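Inside the fold
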2 protein chains.
Amino acid sequence: MEKGADSPGFLQSRKQFRRVKLSDYERQYSAASVIYRQGDSPDSLYLLEKGRVTLAKTRGDKRSLQKIVTEGSFFGLEEFLLGAPHEDEATAALDSVVLELPRHLAESYLLSNPKFLYELCEYLARKSRSLDKAFFLAGRSEGARLAAALWLTLQGGGNGQFPVNTEEVLQSLFGATGLPLGKIADFLAELERLEIVGRSEHSLFLKSAEKLFRYAEYLEDKEHFG
Amino acid sequence: MEKGADSPGFLQSRKQFRRVKLSDYERQYSAASVIYRQGDSPDSLYLLEKGRVTLAKTRGDKRSLQKIVTEGSFFGLEEFLLGAPHEDEATAALDSVVLELPRHLAESYLLSNPKFLYELCEYLARKSRSLDKAFFLAGRSEGARLAAALWLTLQGGGNGQFPVNTEEVLQSLFGATGLPLGKIADFLAELERLEIVGRSEHSLFLKSAEKLFRYAEYLEDKEHFG
């Protein structure tokens with residue numbers, strides 16, 4: 001398992017960011033407030049300094065959780081780099097502090113910090129590899145597809161042990177796989193039995209991202225060889 | 001549809017690469033020769049200057065085409081950036097010229113060319129978005145999954161009209177989706193009827209990558225709303 005976006009190197013870079021006294025660009029968001037909406041133009045680079053942010057996509061009348069952003073990670077980065085409208089909505093899940101650099105500032109900062117840009121390349125490369133693996137797994141069996149979707153949704157936390165509302169996880173997996181909710185609930189119960197996922201009140205949390213990914217691979221192999 | 005890795009900006013950068021007189025690092029590969037193998041350590045940055053390269057993955061006794069690399073594109077880039085072993089095998093599909101920069105040279109070149117690094121970030125961001133979309137589509141219906149797999153495999157060519165051996169396409173889609181070969185052949189015939197895919201002798205070629213992606217979205221919507 002590769003290290004997540006919230007790896008030490010990344011936190012280091014965040015400190016560099018802060019050294020250039022950009023605290024004027026820090027914004028506070030109270031829980032449940034919207035940071036940007038689907039379709040908004042990508043005018044800023046966002047870095048989550050404190051709190052938690054969720055990205056969700058709306059398609060038709062369905063809203064599905066896409067990803068959980070944890071402290072020290074960028075979000076909306078691809079859209080910023082490509083100048084393409086945001087494809088999801090970013091909402092503060094907890095009271096959060098976000099560094100929002102306007103485009104001109106962000107670009108000149110990036111271009112004058114090649115080491116940081118190099119780290120950004122590494123981050124994007126890691127993401128692209130994760131997605132590549134998830135796509136491969138998604139093609140094989142329902143179980144592998146579910147595991148890959150759960151892995152993509154929750155891996156923002158690295159091996160993050162933070163709890164996510166159970167209903168939100170169900171909706172996210174439904175959005176990603178289109179499988180019946182009953183089947184998804186059975187799958188989550190099986191992951192709980194295997195101690196890959198834990199449960200607390202109305203929330204689920206990932207006990208080991210690595211184990212989840214290995215389980216997805218196992219399901220795929222089972223389909224293949226079993 | 002976003003521009004591919006072989007966009008004008010990228011070709012520009014390749015010229016920059018050449019201006020620093022790196023022709024000592026150009027290597028010729030005759031058709032069917034192997035450039036690197038699965039599991040090899042990522043000691044070089046590869047840029048395809050001329051010809052065509054295919055990336056294939058072996059799993060168990062199955063070998064499946066993963067991607068077609070076209071002139072002006074990098075390959076093995078994620079592994080290079082992450083220092084992780086190659087996850088696929090790169091083979092020259094035609095007689096090819098490859099710029100192979102050893103790590104120390106590539107890193108110092110990249111770090112002294114922040115504009116080029118920025119372009120690399122854009123390239124990786126584009127790739128990550130493509131994969132994200134493909135994963136979303138892969139979760140929905142067999143047709144959307146097949147279309148997404150075909151799109152990922154062939155989009156190396158942008159709207160590339162180059163032909164790919166039919167058997168290789170079938171095996172690639174089988175590798176990515178695990179669906180029966182008969183179903184995959186029917187799907188390709190349907191794409192031919194819709195003029196998304198063309199056929200010449202023993203090869204298939206993509207008439208429009210954009211139309212293929214729209215078709216994948218349509219299949220997903222049909223599953224969703226139909």
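As a convention, each chain's residues are numbered from 1 in the sequence order in which they are written. Chain A is the first chain written and ligand 1 is the first ligand written, with later ones labelled in order. For this predicted model, a pLDDT threshold of at least 70 governs which residues receive local features, and a threshold of 80 or more governs which side-chain atom pairs are given and counted, while totals over whole chains, interfaces and linings are taken from all residues. The side-chain values count all of the structure's non-hydrogen atoms but skip hydrogen atoms and water molecules.

1. Digging into the environment of B:E107
Let me state the cut-off plainly: Helix numbers and strand numbers start at the N terminus; a helix is a DSSP run of H or I with at least 4 residues, a strand a run of E with at least 2. The contact definition used throughout considers only heavy atoms, calling two residues in contact when any of these lie within 4.5 Å.
Here B:E107 is to be found in helix 3 (residues 103–111). Spatially, the C-alpha atoms of B:E107 and B:S44 are 9.8 Å apart, while their sequence positions differ by 63 residues. In this structure, B:E107 is in contact with A:Y118 and B:F80, ignoring residues within four places of it in sequence.

2. Describing unusual backbone geometry
Residue and element names in this part refer to chain A. Rule in force here: Residue burial is assigned from relative accessible area. The probe radius is 1.4 Å, only protein chains are included, and a residue is buried under 20% of its type maximum, exposed over 50%, and partly exposed in between.
Even without glycine at this site, E201 takes up a positive phi of about 50°. Positionally, E201 belongs in the loop between strand 10 (197–200) and strand 11 (203–206). A relative accessible area of 73% means that E201 is categorised as exposed.

3. A closer look at helix 7 (residues 181–193) of chain A
Residue and element names in this part refer to chain A. For clarity, the threshold we go by: Working rule for helices: expected span equals 1.5 Å times residues minus one. By definition, the arc is the one covered by directions from the helix axis to the C-beta atoms.
Spanning 13 residues, helix 7 covers 18 Å between terminal C-alpha atoms, matching the ideal 18 Å at 1.5 Å per step. Taken residue by residue, helix 7 has I184, F187, L188 and L191 as its buried positions. One side of helix 7 carries all its buried residues, which in axial view fall inside an arc of 100°. The exposed set on the far side of helix 7, more than 90 degrees from its buried face, consists of D186 and R193. Immediately beyond the C-terminal end of helix 7, within one or two residues, lies E195, with a positive phi of roughly 60°.

4. Some points on the domain arrangement of chain A
Residues and elements named next belong to chain A. The line we're drawing: Each domain's extent was defined by an automatic or database domain assignment. For any pair of parts, buried area is found by adding up, for both, the accessible area (1.4 Å probe) each one loses once the two are put together. Salt bridge criterion: a side-chain nitrogen from Lys or Arg within 4 Å of a carboxyl oxygen from Asp or Glu. Only Asp, Glu, Lys and Arg are considered charged in this grouping, and only Ala, Val, Leu, Ile, Met, Phe, Trp, Tyr, Cys and Pro are considered nonpolar; every other residue, Gly among them, is considered polar.
Under the domain assignment, chain A is made up of domain 1 (9–111) and domain 2 (126–225). Of the residues lining the interface, nine residues belong to domain 1; the matching set on domain 2 comes to 15 residues. With both sides pooled, the region where domain 1 packs onto domain 2 buries about 1000 Å², and carbon together with sulfur makes up 56% of that total. By the criterion of area lost to domain 2, the three top residues of domain 1 are L65, K67 and I68, representing 47% of everything that side buries. Our enumeration of links across domain 1 and domain 2 arrives at one salt bridge. By residue number, the principal contributor to the side of domain 1 that touches domain 2 is strand 5 (residues 62–69), which donates six residues. Taken together, the residues that form the side of domain 1 that touches domain 2 break down as two nonpolar, three polar and four charged.

5. Quick look at the interface of chain B and chain A
Test applied: We call two N or O atoms a polar contact when they sit within 3.5 Å, provided that within protein one can donate a hydrogen and the other can accept it, with sequence-adjacent residues counted only if both atoms are side-chain atoms.
Opposite the 52 residues of chain B that make contact, chain A presents 52 residues. Looking at the side of chain B facing chain A, the largest losses of area belong to B:R59, B:Y118 and B:F135, adding up to 18% of the total buried there. At the boundary of chain B with chain A, the tally comes to two residue pairs in polar contact (both at pLDDT 80 or more). Of all the secondary-structure elements, those providing two or more residues to the side of chain B that touches chain A are strand 4 (53–59), helix 2 (77–82), helix 3, helix 4 (114–138), helix 5 (142–154), helix 6 (166–177) and helix 8 (209–225) of chain B. If you tally residues by element for the side of chain B that touches chain A, the top one is helix 4 of chain B, at 20 residues.

6. Notes on the relation of the copies chain B and chain A
Both copies of the chain are placed relative to one another by a rotation about an axis and a shift along it. Using the following cut-off: Copy-to-copy superposition: least squares on the C-alpha atoms, limited to residues that have pLDDT of at least 70 in both copies.
Of the transformation placing chain B onto chain A, the axial shift is 0.0 Å and the rotation is 180°, giving an RMSD of 0.0 Å. The relationship between the two copies is best expressed as a two-fold rotation axis. Here 100% of the contact residues of chain B are again contact residues in chain A; the copies associate through an equivalent surface.

7. Some remarks on the pattern of salt bridges
Scanning the model with the defined rule gives 16 salt bridges over all chains in all. Residue A:E87 pairs with B:K133 through a salt bridge whose shortest N-O separation is 3.9 Å. Of this pair, A:E87 sits in the loop between helix 2 (77–82) and strand 7 (89–92) while B:K133 is found in helix 4, placing the two residues in two different chains. Taking relative accessible area as the criterion, B:K133 reaches 22% and is therefore assigned partly exposed. For B:E190, the salt bridge identified is with B:R193, shortest N-O distance 3.0 Å. Within this pair, B:E190 and its partner B:R193 are both found in helix 7 (residues 181–193), separated by three residues, close to a single helical turn. By relative accessible area, B:E190 is classed as partly exposed at 27%. Residue B:R193 is classed as exposed on the basis of its relative accessible area, which comes to 58%. Several salt bridges share partner residues, and in doing so they unite A:E87, B:R129 and B:K133 into one network.

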